Amino acid sequence: MINGIVIDDDQAVRKGDWIESTFSPGYVGKHYLHDENRDLGSKSVSFFDRKGALGSFTVYLSYTPGANRSTKVHIAIRHADGETVKIINQRTKPKIQGSFQE
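Fair warning: this is a prediction, and the values are worked out from it, not measured in the lab.

A. View of the overall build of the protein chain. When its secondary structure is counted, the protein chain shows zero helices and eight strands. Walking the protein chain from its N terminus toward its C terminus, one meets helices and strands in the order β-β-β-β-β-β-β-β. Burial status across the protein chain gives 19% buried among its 102 residues. Excluding contacts between residues fewer than 6 apart, the proportion of contacts in the protein chain whose partners are at least 24 apart in sequence is 51%. Roughly 7800 Å² of accessible area belongs to the protein chain as shown, and the carbon and sulfur atoms make up 50% of that amount.

B. Here's a closer look at the pattern of salt bridges. Enumeration over the complete set of coordinates arrives at two salt bridges. With its nearest N and O atoms 3.0 Å apart, the salt bridge here joins R14 to E20. Here E83 makes a salt bridge to R78, at a shortest N to O gap of 2.9 Å. The exposure class of E83 is partly exposed, given its relative accessible area of 44%.

C. Highlighting the environment of K43. Along the chain, K43 falls in the loop between β3 (32-34) and β4 (44-46). Sequence separation between K43 and K15 is 28 residues; the distance between their C-alpha atoms is 5.3 Å. The residues contacting K43, other than those within four sequence positions of it, are K15, G16, D17, W18, D35 and R38. Looking at K43, its side chain comes within polar contact range of the main-chain oxygen of D35, at 2.9 Å.

About the thresholds
Residues numbered from 1 in each chain as written. Predicted model: local features only at pLDDT ≥ 70, side-chain atom pairs only at ≥ 80, totals over all residues. Heavy atoms only, no water. Helix = DSSP H or I, 4+ residues; strand = E, 2+ residues; numbered from the N terminus. Buried < 20%, exposed > 50% of the residue type's maximum accessible area, 1.4 Å probe, protein only. Contact = heavy atoms within 4.5 Å. Areas by Shrake-Rupley, 256 points an atom, 1.4 Å probe, with all protein chains shown as cover. Salt bridge = Lys/Arg side-chain N within 4 Å of Asp/Glu carboxyl O. Polar contact = N/O pair within 3.5 Å; in protein donor to acceptor, adjacent residues only side chain to side chain.

Rendered as structure tokens:
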């Protein structure tokens, strides 16, 4: 189990049309968000730490891998020192417990 603040899709700020899906098992929470392979690059999902926690944190992304997933998902992490961008290949299995990628 990974300890920390969990921010799930229900709390996401969505830009564009997304569907809530339960088709592929392994998601955290009630569902995951899917872009239906439409309007690629024009949609975004933002998550915010609404509790205002202070300190240093490691950010983990949970996803279910699949052959039809994107190989270049851009994850922008905004923090006190600026922004860090990670590129996630969702066709590969997440390295941490098979569910999370750092």
